[in-house]
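Letter by letter, the chains look like this.
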Amino acid sequence: MKQLPLSGTARAAILAAIALVAVTGYLEITLSDPPRFGPFTLAWLVHNHPISSWTALVGIFLLLTLSGRLLFSVLTVSLIYAVIVAASWTKIDYLGTPLTLADVRFFTSNLAENGVLFKAYPSLGIMLIGALLLTLIGPLLALRSKRRCSIRSRLIAALSLAGLVGGAWIANAEALNPALPQMALFGEEKSMGNGFSQLHRFKATRDRQIPDLLEIFFADASTQFQLPQRIEQRRFKPSEARPTPGAMPDIFIVLEESTFDPRMLQACKGQTVCDSPLFAAPRANQEAGPLFVHTTAGGTWLSEFTFLTGFDWRIFGPGGGHAPLNLASHMQNALPRHLQGLGYQTIAIYPVGGNFLNARDAYKHYGFEHFLAIEDLHLGTDWMHIRDGQLFDKALEVVAQKRDGRPVFVFLLTIRNHGPHANNHASLPQPEPPALAALPAPLADYLQRLQDSASAMTELEKQWLTSDRPRVLAWFGDHQPLLATTTRIAQDYSQKHFARPPTDDQMRHATWYAMSANRKPADARPPVEQVTDISYLGSQLLAFSGVPPQPADAATLGIQQICPHGIAYCSNATAVREYLSFRVWELQEIQ
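Quick look at the structure, then. Note that the coordinates shown come from a computational prediction; the quantities given were computed from them, not determined experimentally.

What counts and how
- Residues numbered from 1 in each chain as written.
- Predicted model: local features only at pLDDT ≥ 70, side-chain atom pairs only at ≥ 80, totals over all residues.
- Heavy atoms only, no water.
- 1 Å grid on protein atoms, 1.4 Å probe; cavity = no way out; pocket = protein on both sides within 12 Å on 5 of 7 lines; lining within 4 Å.
- Points joined across faces, edges and corners; volume = space filled by probe spheres on them.
- Helix = DSSP H or I, 4+ residues; strand = E, 2+ residues; numbered from the N terminus.
- Nonpolar A, V, L, I, M, F, W, Y, C, P; charged D, E, K, R; others polar.
- Axes fitted to C-alpha atoms, helices over the stretch in contact; angles between N-to-C directions.
- Parallel < 35°, antiparallel > 145°, perpendicular 65-115°, else oblique.
- Left-handed = near helix turned anticlockwise from the far one by under 90°.
- Contact = heavy atoms within 4.5 Å.
- Disulfide = S-S within 2.5 Å.
- Buried < 20%, exposed > 50% of the residue type's maximum accessible area, 1.4 Å probe, protein only.

Tallied over the entire structure, the rule returns four cavities of 30 Å³ or more. If you add up the space inside the largest cavity, you get close to 80 Å³. In terms of lining, the largest cavity is formed by 13 residues, of which the most central are Thr309, Gly310, Ser535, Ser539 and Gln550. At the level of elements, helix H11 (300-309), helix H22 (534-545) and helix H23 (553-562) are the ones that each hand at least two residues to the lining of the largest cavity. In the lining of the largest cavity, the residues fall into four nonpolar, seven polar and two charged. In this structure, the second largest cavity is lined by Gly310, Phe311, Asp312, Ser535, Tyr536, Ile567, Tyr579, Leu580 and Arg583.

Spelled out as C-alpha cells, the structure:
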C-alpha cells in the first residue's frame, strides 16, 4: 500500500503540538503558580494513576493496531472514560461512593434482580441508554474516516501494546493489587488517622479530580472483601456472661426507608409541617436520638448489614459494598443468630423481591428462621406503593401464625419513602395543603409520605406494646433520601442535638432512631436524647431490652465511649485498630 505524504495541515498541527508541549513545560518549571497542564503534570498523573493510564494506553494502541485509525482509537477510549466519570459522579450523588469496576461486574451479573433500580429511578435508565449510544455512535462515525495510519505506525502501536502488556506481566501485575487505594490518590487524606485507611476512600465528592475517579474505577475490580490487620491488644475483653432473664421481651424493630429528621434542613426552619412525632423527645421507657449511618441517598443493604452485624461495612474495603453477597455467609455471630441462641424465634419481613441482592440467602446466614419477601406476603409487585401500615399488619399476622411459645424478634423493612420523590407539586395528591405547597416539591412529597409512616408507627406501637408480655418496639432510618443530600443544612439543628457539632459530611449521614418498651428497664435512666452510630445500635437494643449481650458488646460499649460518632470519624487510631482486631481475630466473628 502506497503511503500518503503528510499534508501541510498535518505538519502544522504536529509542529504546533510540539511547541505547546515545550511552552507549557517551560511555564511549569519557571512560574511560581504554574499551569495545571503540561508534560510534567502529565508525568505526575501517570505516576500517581498507573492503572487508569496503563488501561488508556493499552486501549488506544489495541484499537489503533486493529483499525489503523488514530481518531477512532482516541475517541473511543476518551468517550468510555467520560462515561465512567459521569457514572461515578452520579453514583456519588446517589450513594456517596465512586463507581468501581467491581460495581459493574456485580450489576451485569445480576441484571434481573438489579432491574428494580431502573423501575425506581427511570432517569438512570435513560442516562445509561444515552451513554451507550454516545459510546457507540461517536466511534462509528470516526471509523468511517478513509484515512488510515501507515503499516509502520500500526506496527509501532502493536509493539507498544506488547511492551505495555509484557511489562505488566513481568511485574506480575503488581500495580493491579488491592493495596492501590492506599496510594496518594486522595492527597493529604491518605494520612487521616482513624485506624483503617479504607474508610476514607469512600469519601469522594463531585469536587474529586477526574483522574482519581478513573483510578478508583479500575483499581477496584474485585468484589472480595479485606480483613482488618491482626494486632496484639489488651484494651478490649469479651462481655461477661449474664443469666438469662425469666421472661425475655418480644422485640420488633423497623428499618424505616429513607427516614430522617427533616428539621435539619434549612428549608424546614420555622415550618411546623416538618414536625413529626417520630422525632419527638424521648419519653419514659424510651430511648431516641440522632443516628449516624454509613451510606446516603441509597444503599439500604449496607445499613441492614451494619445493624445486624455491628460492623462498619467500609472496613472491608471496596468489597464491603457488596456485603450481602460476599460477607453475609462469613458472619458467625450476627444479632439474629445471637438471639436465636438465646431461644428467640427470628422473623424478617422484606418488602421487595427475596432475590434482590441475595437477600434471602444473606438473611439465612444472619440467623433468621423465617424470611418473608414481597412474593411471600402476597402484596403484589408494585412495591413502591406499599404503605408501612400494610407491612405492619402483615407482620402481626405472621407473628400470630408462626409463634411457637418462644420470644420473637421481628426485623421489618419499609419501602414507602423510597425515592424518587416528586419533582413538581402537580404530581402530589391534590388538593395539597398550603404548608406543603410552600416547600420544594421533593420535600413536600417526602413529608406527605412521612406523615403516613408516623401514623402507621403510632398504630403499631399501640398494638405491639399493649400486651401482657414484655415487649420492645424500635425503629431507625437507614439513610437520607437524595433530596436531603443536596439541600442546605440548618446550622442550629446540630447545635441543638449534638454535644460535639458534626461536620457537614457527617450531617449528610444522620438519620434517627427510637426504642420503646412496655416495661421499665432494669437499668432505666432518665429519658434523654443519645447520639449513636448504626454499628452500635444492635448492642444498644440488647441493653435496652434487658437481653444478655453478645460477646463483643462490652468492646462495642468501650469503643462507643472513645468514638461516639462511629469509628470512621474517630481520632484514636490505635483504639479503632485494636477494636477491629479483637472482634475479627480474637472473637472469630468472621470465618
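This next bit is on the packing of H22 against H23. Contact pair H22 / H23: the axes reach a minimum separation of 10 Å and the direction vectors enclose 120°. Looking at the two axes, H22 sits oblique to H23. Of the two possible hands of crossing, H22 and H23 adopt the one that is left-handed. Residues Ser535, Tyr536, Ser539, Gln540 and Leu542 of H22 form the contact with H23, whose own contacting residues are Asp553, Thr556, Ile559 and Gln560. Of the residues that constitute the contact of H22 with H23, the class distribution is three nonpolar, five polar and one charged.

This part covers the state of the cysteines. All chains considered together, the criterion is met by two disulfides. Note that Cys268 is cross-linked by a disulfide to Cys274, the S-S spacing being 2.0 Å. Given an S-S torsion of about -70°, the disulfide between Cys268 and Cys274 has left-handed geometry. Overall, the relative accessible area of 0% leaves Cys274 in the buried class. Between the sulfur atoms of Cys563 and its disulfide partner Cys570 the distance amounts to 2.0 Å. Taking the sign of the S-S torsion, about -60° here, the bridge from Cys563 to Cys570 comes out left-handed. When the bonded cysteines of the protein chain are numbered from the N-terminus onward, they pair as 1-2, 3-4.

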